[in-house]
Number of protein chains: 2
Amino acid sequence: MTAPLKVGIAGLGTVGASVVRLLARQRDALEARCGRAINVVAVSARSKGKQRGVDTASYRWFDDPVALASDPAIDVFVELIGGEGDPAKRALEMALSRGKSVITANKALLARHGLDLAALAEKHRVALNFEAAVAGGIPIVKTLREGLVGNSLTRIYGILNGTCNYILTRMEQDGLSFEECLKDAQRLGYAEADPAFDIEGHDTAQKLAILASLAFGTRVDTEAVYVEGIASITPEDLEAAEELGYRIKLLGVAVATGQGIEQRVHPTMVPKGSAIAQVMGVTNAVTIDADAVNEITLMGPGAGGEATASAVVSDIGDVARGVRTAPFGTPASKLQAIGRAPMQRHEGGYYIRLLAVDRPGTAAVIAARLAEQNISLESIMQRHRGPRPQGGDSPKSAAPVPVILITYATTEDAVRRALAAVEEDGVIAQAPQVIRIEKN
Amino acid sequence: MTAPLKVGIAGLGTVGASVVRLLARQRDALEARCGRAINVVAVSARSKGKQRGVDTASYRWFDDPVALASDPAIDVFVELIGGEGDPAKRALEMALSRGKSVITANKALLARHGLDLAALAEKHRVALNFEAAVAGGIPIVKTLREGLVGNSLTRIYGILNGTCNYILTRMEQDGLSFEECLKDAQRLGYAEADPAFDIEGHDTAQKLAILASLAFGTRVDTEAVYVEGIASITPEDLEAAEELGYRIKLLGVAVATGQGIEQRVHPTMVPKGSAIAQVMGVTNAVTIDADAVNEITLMGPGAGGEATASAVVSDIGDVARGVRTAPFGTPASKLQAIGRAPMQRHEGGYYIRLLAVDRPGTAAVIAARLAEQNISLESIMQRHRGPRPQGGDSPKSAAPVPVILITYATTEDAVRRALAAVEEDGVIAQAPQVIRIEKN
């Protein structure tokens with residue numbers, strides 16, 4: 001039996017404390033499965049005295065995570081500090097350059113410095129594992145890096161942010177407004193006090209950029225991700241989606257197109273019968289389209305101390321068994337700069353909700369503007385909010401009418417041009433709502 | 001860069017030919033990802049002259065797979081012959097004892113001899129990988145063996161047979177009989193000419209036994225699996241399921257209970273909103289309940305040449321990168337004999353469809369028999385197939401009435417006793433239909 005693996009953990013928040021507990025609870029099973037014991041020997045956190053529900057007295061304590069990372073007594077450094085800058089970054093670099101394998105859950109750091117950190121890990125022939133950085137407990141990184149190694153991927157998309165999915169699920173199921181559901185999510189601890197990073201889609205964008213690198217052998221490039229959040233989604237949209245056979249999810253989507261890799265995060269209509277449409281609440285899911293395996297979907301908890309710790313411990317287990325892959329699957333030197341497919345060229349179906357002025361000719365104007373851009377319609381739904389005014393002789397005083405259009409596949413550019421023209425024509429009473437449709 | 005990995009493949013059917021093609025198609029990507037080239041150097045199959053859509057002229061040819069397995073020129077032996085006996089078994093043993101890693105898709109062989117083969121692989125410190133043996137292209141073995149290494153599992157269940165799921169999906173969607181759908185499945189190549197192995201649940205049982213070993217650290221024990229097939233399912237059952245908020249799937253379920261591990265394969269009512277209920281057609285899915293990660297579901301193709309080849313190539317990739325785990329996660333010497341939880345003690349809800357004789361007192365008799373066994377009912381549905389006979393004075397001539405009962409959690413034993421008593425009482429016109437309910 002090989003000597004025990006000596007682990008140093010920096011960051012003892014919810015996830016860090018769960019990792020310590022899980023390693024203790026599964027001690028014997030892990031030793032059997034990995035062929036050696038896994039021993040936490042040192043930890044680092046901001047406040048030594050804080051109650052964490054775990055006894056850290058038997059581990060050496062470091063106030064400075066960088067000092068822990070350079071400690072000759074540890075074999076592997078687990079970074080659970082977070083943040084795209086120091087001390088997380090400096091600690092990681094220190095550990096890697098001292099020839100220690102590193103495990104991190106830090107998506108922000110990887111999204112920004114993934115390429116350099118991967119190169120550093122490869123240079124020192126150590127592992128840089130980050131299963132916990134994307135989709136929490138779902139083994140998506142391992143699946144992409146190892147499980148689908150023989151596949152050429154065409155698309156990867158998923159629900160990568162539990163906060164947004166919780167809000168959209170509540171809005172759909174209870175007919176509530178975005179604001180009400182956000183408040184509930186905050187009350188339940190599913191949303192931060194400052195929810196912008198989640199609800200504006202940036203959290204999803206970071207995770208998507210990491211997945212795209214793994215999926216397509218490209219360099220992580222968060223800047224190349226088109227991002228829209230969920231704040232503009234209304235109960236009317238969810239109601240219309242229901243009627244039309246869709247659900248609305250905040251998806252991160254990366255697709256290989258003729259123009260390059262398209263990376264986008266936006267509220268998306270997905271067919272009600274698709275696997276991804278069944279994903280409710282804070283659950284995450286990722287679907288992969290690939291040449292050999294066709295379609296694979298993984299679902300599970302995207303956050304939470306124990307679920308995230310499950311991913312971290314799996315990464316530690318791999319290091320214990322001596323597994324080493326290039327961090328992004330393909331060696332850093334061979335990762336290609338991403339060829340950005342511009343969002344204007346995105347092709348797909350669109351849901352468009354207009355508030356049309358109720359006067360003769362409006363429908364004709366809208367239809368003409370769409371036709372000019374060669375946009376064909378799959379369906380049109382027009383709803384009068386109440387009874388039409390009796391007598392029918394005062395069309396100008398009528399309230400605007402919601403009109404919902406579902407287009408066949410067209411381009412982002414065509415949709416934007418058509419809607420700009422419609423606005424210009426003055427036949428709609430507010431800015432159009434546009435939601436892209438993703439077919440499975 | 002390490003020397004190329006030299007691969008010998010025995011069996012050039014649909015999967016074998018797909019593996020050869022996939023290795024060629026992904027040659028450069030695999031070399032980058034695995035750090036070395038993967039070269040097929042020798043093959044074996046029954047008929048050398050057969051057209052397979054792949055050019056095998058550049059590989060050395062073996063008529064005898066055992067001779068290929070012992071060839072000093074190969075590093076890894078890929079067994080795609082199938083069958084629980086020789087030559088597959090002898091070839092595998094030969095390769096392992098010559099210190100070659102083995103990759104196999106042979107569930108029958110693993111279900112029967114998994115423990116011995118694992119021990120042999122461990123003795124010679126080589127890999128025995130079998131991702132393709134269960135759920136085709138879904139990386140479930142890797143997920144159990146590596147991805148959830150820090151978890152203690154409580155339950156694993158899934159749709160593991162595409163033939164059965166295709167038939168049940170067609171029955172549900174088109175209101176057709178089992179026989180009609182089976183014929184369609186055969187015509188489309190989704191079912192064998194002799195479908196018994198699939199539709200009677202034995203294929204699922206073999207796969208389940210392998211999953212249970214990986215999940216619970218027990219020795220593979222197919223004999224311990226309770227098995228029921230799908231031939232008894234009728235359109236009436238699917239219709240009732242729909243009304244009650246369920247779908248019917250053939251599930252393989254392994255659960256850790258107080259009495260041991262319960263392994264069972266049977267048609268199962270699953271809640272319509274569950275992930276597993278969305279799995280249609282030949283797709284497979286596996287759900288895992290575990291202490292840390294809570295619940296994870298994986299879905300994807302359970303069969304097909306390319307999808308299965310994806311799993312085989314992933315296994316080859318792991319060997320190329322030097323990854324070696326105990327074949328069943330836990331070392332063979334530590335795998336426990338399975339503590340069988342007897343089916344009589346199974347606890348859960350039940351769907352019971354009776355054809356009740358339409359005469360006074362029938363309902364009271366049935367209710368009394370259930371009450372005797374402490375079975376509580378969640379719902380009762382009674383349907384008259386047509387209008388009741390007019391006049392009401394000839395109750396004995398009335399047609400029997402279908403009665404559908406949904407029980408709260410009870411035991412298999414109680415249900416069997418109650419229904420035996422009901423039959424004894426002569427108040428039902430045919431044998432009761434019983435379908436277990438699995439909650440997510």
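Fair warning: this is a prediction, and the values are worked out from it, not measured in the lab.

Caption draft 1: How the structure looks around the domain arrangement of chain A. Assigned domains within chain A: domain 1 (5–133), domain 2 (140–301) and domain 3 (344–437). A separation of 54 Å is found between the C-alpha centroids of domain 1 of chain A and domain 3 of chain A.

Caption draft 2: Quick look at a nonpolar patch on the surface. Residue and element names in this part refer to chain A. Together, L188, Y190 and V282 make up an exposed nonpolar region whose accessible area comes to about 240 Å². Within the secondary structure, V282 is located in the loop between β10 (260–271) and β11 (283–290). The class for V282 is partly exposed, based on a relative accessible area of 35%.

Caption draft 3: Examining the side chain of R321 of chain B more closely. Position of R321 of chain B relative to the elements: it lies in the loop between α12 (305–320) and β13 (347–356). Leaving out residues up to four positions away in the same chain, R321 of chain B has contacts with E146, V323, R324 and T325 of chain A together with R33 and C34 of chain B.

Caption draft 4: Geometry of the pattern of salt bridges. Overall, the coordinates contain 56 salt bridges over all chains when judged by the stated rule. Of the charged contacts in the structure, one is a salt bridge between D71 of chain A and R60 of chain A, with a shortest N-O distance of 2.3 Å. Of this pair, D71 of chain A sits in the loop between α3 (65–69) and β4 (76–79) while R60 of chain A is found in strand β3 (residues 60–62), placing the two residues eleven residues apart along the sequence. Judged by its relative accessible area of 8%, D71 of chain A falls in the buried class. What makes R60 of chain A partly exposed here is its relative accessible area of 38%. Salt bridges here are not isolated pairs; linked through shared partners, they connect K142, E146, D318 and R321 of chain A together with K142, E146, D318 and R321 of chain B.

Caption draft 5: Layout of the relation of the copies chain B and chain A. Between chain B and chain A, which share one sequence, the superposing operator has a rotation angle of 180° and an axial displacement of 0.0 Å; the RMSD is 0.0 Å. Taken together, the rotation and translation describe the operation of a two-fold axis. Distance from the rotation axis, computed per C-alpha, reaches its smallest value in chain B at L298 of chain B: 2.3 Å. A shared binding surface is used by both copies, with 100% of the interface residues of chain B retained as interface residues in chain A.

Caption draft 6: Structural view of the pairing of strand β4 (residues 76–79) of chain B. Residue and element names in this part refer to chain B. Alternating positions in β4 separate into two faces, V76 and V78 on one and F77 and E79 on the other, with burial throughout. The sheet contact formed by strand β1 (residues 5–10) and β4 spans four bridges and is parallel. Within β4, the position partnered with V7 by the bridge is V76. Bridging between β4 and strand β5 (residues 101–104) involves four bridges; their strand directions are parallel. Paired with E79 across the bridge in β5 is T104.

Caption draft 7: Representation of the nonpolar core within the structure. Residues F77, I140 and I167 of chain A together with F77, I140 and I167 of chain B are the most contacted members of the largest nonpolar core, which totals 173 residues. In this structure, I140 of chain A is in contact with E131, V134, A135, L211, V286, I288 and L298 of chain A, ignoring residues within four places of it in sequence.

Caption draft 8: Fine view of the packing of aromatic side chains. What the rule picks out here adds up to four aromatic pairs over all chains. Measuring from centroid to centroid gives 5.2 Å for F130 of chain A and F328 of chain A, while their planes differ by 45°, and the two rings are tilted. Of this pair, F130 of chain A sits in the loop between β6 (128–129) and α6 (140–147) while F328 of chain A is found in the loop between α12 (305–320) and β13 (347–356), placing the two residues 198 residues apart along the sequence. Its relative accessible area of 0% is what places F130 of chain A among the buried residues. Look at F328 of chain A and you get buried, because its relative accessible area is 1%. With 4.9 Å between their ring centres and 65° between their planes, Y166 of chain B and Y190 of chain B make a pair best called edge-to-face. Of this pair, Y166 of chain B sits in helix α7 (residues 162–174) while Y190 of chain B sits in the loop between α8 (178–187) and α9 (196–199), placing them 24 residues apart in sequence. According to the relative accessible area criterion, Y166 of chain B is buried, its value standing at 8%.

So, how was this worked out
- Residues numbered from 1 in each chain as written.
- Chains lettered and ligands numbered in written order.
- Predicted model: local features only at pLDDT ≥ 70, side-chain atom pairs only at ≥ 80, totals over all residues.
- Heavy atoms only, no water.
- Domains from an automatic or database assignment.
- Patch = residues over 30% accessible without salt bridge, like charges linked within 9 Å, V, L, I, M, F, W, Y side chains within 5 Å.
- Areas by Shrake-Rupley, 256 points an atom, 1.4 Å probe, with all protein chains shown as cover.
- Salt bridge = Lys/Arg side-chain N within 4 Å of Asp/Glu carboxyl O.
- Helix = DSSP H or I, 4+ residues; strand = E, 2+ residues; numbered from the N terminus.
- Buried < 20%, exposed > 50% of the residue type's maximum accessible area, 1.4 Å probe, protein only.
- Contact = heavy atoms within 4.5 Å.
- Least-squares fit on C-alpha atoms with pLDDT ≥ 70 in both.
- Pairing = 2+ DSSP bridges.
- Core = buried A, V, L, I, M, F, W, Y, C linked by side-chain atoms within 4.5 Å.
- Phe/Tyr/Trp six-rings, centres within 6.5 Å; stacked < 30°, edge-to-face > 60°.

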